[in-house]
Amino acid sequence: MSSAGGSEDVGRDLCLRLTSRRVPENAAQKDRTGLPFGVTVQPFKPLPHFPVDASALLDPADEVARCGDCFGYVNGFCGLERDGWVCILCGNFSYWSSDPVGDGGKPRYKRNARRNELPEIALPEYEIEVAREVLTVNPREPLGTAPVYVALIDTTAPEETLELVRSAVLAAIEAVGPDALFGIVTFADRIGLYDVQAAAPSVRRVGLGKDGGLAMPLEEALPLRRLLAPVGAFKEELAAAVETIAPAKSRFGSAGFSHPGVDDGTIDGGDGPVGRRAFGPALEATLAWLGADAVETRGEGRGAGDGVGGGDLRHPSCRVLSFLAGLPNLGDGALDDEIYRECAADLDSPDHEEAAKAADALGQPRVDFYADAGARAALAAVVVDVFSLGGGDGAAAFADLASVAPLTEQSGGALYHYDTVGKGGASDAPLPRDVFRLLRAESQAHHCTLRLRTSAEFEVAAAYGAAVPDDVYPGLYHVVRCGPGDCFAFDFRHKSAAGFGRRGDCPPTAQLAFEYTALTPLPPDPATQAARYLRQRRRRVCTAQARVASSPKDVFATVDAECVVSLLAHKILATAEEKGLAEARLLLSDWLVILTSRFNHETGVARFDPKDAAAVDGAFTSCVPLQQMPRMVFALLRSTMLRPRGVQPDERTRARALARRLDPPSLSRLLYPRLSSYADVDTQAFPRHSLTRTAVTTSNGAVFLVDAFDVVVVFYAPAQPGSERASLPYPPPQGSAVRAAVNALREEREVTPRVVYIRGGAEDPSAFHDLLIEELDVDGLEGGASGFVGFLHTVESQARRFMREA
């Protein structure tokens, strides 16, 4: 791929990543490759060549030239002339305006000898400022001028889980900084509001009314300004309140807090039994309290601006951290486990279609309550995160996250699920670290809009990811919150049979325009020492260009396998939601068969001919870029997202939510782990092995490390008692190479991987063996494929038959 700033190799470093550096000339050539034509977009990816900070964005957005026809932005691929420029996207000629001026009041483009040094022309991607505002926190009335965080805590959790939640909330208080406002709300069958600013800190409790909601607005029980305490002034009181949070049966009588009840004629009977979980009413009331009561639907207030409309925004930014210990089963948004009990047996059925149907049934939202709440939260600029903490077995561990997940999807929040069963208990979950990292992220983009423009010969056919199409402006998408690692995917199609032309006279060009709001801390006000924030509206523009392939082999040679897998995963997950798991798996396996067939035909290895007896090459031995494709498809079929049997429903929901946001390298690691070996705890032997037991037994390694993105397993090979290997320190000590590798993985990821240490021969090795996926089978495939080798043989057989019958 070429770009305004460099050679073909720069493509992997851009926000835009095309599926190949040389794209199919037309739709017919695309069909001959068997590959998708599209792009992955990581819009908030860090720009190493263009640091993003307040001082870097000196040029206002209205100075950058835009096409008068398609409204694309001028870039280095355009034809630049003395009096104007030719847009590379639509071919329209626009005159240089005499209005935009640069440094010293001179025209920015016309008669500018240094025009080619401007960021929008010299760089493939850059940022410009749209608007800015300095917010000064009012120390007397901080509500409305300070960032807001609310911890919404489920007290039906057992003590060991609640201890983990307490640690996470304390981590959140540390992460948000002294200028933020922080509030604590608990729920079981009643709602608890913690007033830490009173002379005698107390908990106000509100019960449910007969209509399934709260008996009174929370504002009447405790004013919002009393709930939200400035962290700097009330940090100790907040920490003390967190420590008093106890399981629902024993929460009364906690030291340091009184508990005056609010008698509202409610129907609840006090605290009630453990397990009555009024998450819906607590959420609804909290969102209304924070300003989401003045909006009705997602469509209202939406336009071409920042994607926020309606409601009285009572804060520059707001986040609700919801800690959920099980199934929300009381009041508005109540769910039950009836569907799980009906489908549980079928999940492990030897009939793959029955298992797939059961998985589909458990993967569909059963109420609209949480999607509607998330939509209102988004319009009120409230981000809602859900941290689900599993526990128990069977129905006891079922939280129906498929119904709850739309809350985070619509509001821009994160969805975490910690399955603590049989994995060391809740204390093993990395919840506190995840919460701290989520809130201490150096940069987050909020209230974003995203548009992808293309040159005239092709267009966007479909979009995937956590982006919502605008109701008015075609091609415009809204993204409530975007982190540096968040990724989206777009599928392209040629507009005509001619495509880009045989000579490639029309270079395929795509341009991303990503506009967002960032909140950056500033030094205190010199006069009053009050905290200040810079609220800045920024626009990022990235333009990428590819070359036109001369043949399918040209596409094969320049394919970006990680990008293809990412786009493919998005498409398959969308199919799984729309048409079911069985259809998605069939589509995926058929795709690999077709790709294998097309590749063999176009490279001359085997032909579409009933008389051709040549063996099919399913490993793509002559094409390095495609060689990982069979393993990735095998891994996707085996993954938690698509495997019908043996997957807990909430874990499937979490895995799909995670996959939809991951960038191509991270998604590849999630699908296909990396196995490395060490001669001892300080010496790496081999950086990579195949994921087989044979590789483990023949490598002569003493310690093995498997990185599966969200879990890391360190496995000590069995050793003879008294041998040198048997004396290796276990677990690996701090300062060792193995522990350094583990720590590095935990530090670099937004989702902290859970770490499991296993001493082979003395402890259950299943957590390690389960990640050696090339030994595992793919359910439901023709021929009963055994392991990756059997799977590859089945694909080759199906491809050979397809080529003879086509």
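Keep in mind that this is a model prediction, so the values were computed, not measured.

**Considerations on the confidence of the model for the protein chain**
(1) Moving on: Across the protein chain, the average pLDDT comes to 86, with 87% of residues at 70 or higher.
(2) Moving on: This stretch, residues 295-313, has a pLDDT under 50; its non-local contacts, to residues over four places away or in other chains, come to 50 contacts.
(3) Moving on: Predicted confidence is poor over residues 421-428, with pLDDT under 50, and the contacts of this stretch with residues over four places away or in other chains come to 12 contacts.

**Regarding the pattern of salt bridges**
(1) Moving on: Following the criterion strictly, the structure yields 36 salt bridges and no others.
(2) Moving on: Notably, a salt bridge pairs arginine 114 with glutamate 117, separated by 2.8 Å at the nearest N-O pair.
(3) Moving on: Here glutamate 117 falls in the exposed class, since its relative accessible area comes to 52%.
(4) Moving on: A salt bridge links arginine 226 to aspartate 195; its shortest N-O distance comes to 2.3 Å. You can see arginine 226 sitting in helix α5 (residues 224-227) and its partner aspartate 195 sitting in strand β10 (residues 191-195), a full 31 residues away along the chain.
(5) Moving on: Classification of arginine 226 by relative accessible area gives partly exposed; the value is 28%.
(6) Moving on: In this structure, a network of salt bridges that share partners links the residues Arg669, Asp707, Glu748 and Arg749.

**Concerning the sheet that holds strand β1 (residues 16-18)**
(1) Moving on: A sheet is described by the order of its strands in space; here four strands give the open sequence β1-β3-β20-β17, paired in antiparallel fashion. Two strands close off the open sheet at either side, each with one partner strand: β1 and β17 (458-464). Within this sheet the neighbouring strands show an average axis-to-axis angle of 25°, counted without direction.
(2) Moving on: Where strand β3 (residues 38-41) and strand β20 (residues 488-494) come together, four bridges link them in antiparallel fashion. Within the sheet, the bridge partner assigned to valine 41 lies in β20 and is phenylalanine 488.

Cut-offs applied
- Residues numbered from 1 in each chain as written.
- Predicted model: local features only at pLDDT ≥ 70, side-chain atom pairs only at ≥ 80, totals over all residues.
- Heavy atoms only, no water.
- pLDDT = per-residue confidence, 0-100.
- Contact = heavy atoms within 4.5 Å.
- Salt bridge = Lys/Arg side-chain N within 4 Å of Asp/Glu carboxyl O.
- Buried < 20%, exposed > 50% of the residue type's maximum accessible area, 1.4 Å probe, protein only.
- Helix = DSSP H or I, 4+ residues; strand = E, 2+ residues; numbered from the N terminus.
- Pairing = 2+ DSSP bridges.
- Axes fitted to C-alpha atoms, helices over the stretch in contact; angles between N-to-C directions.

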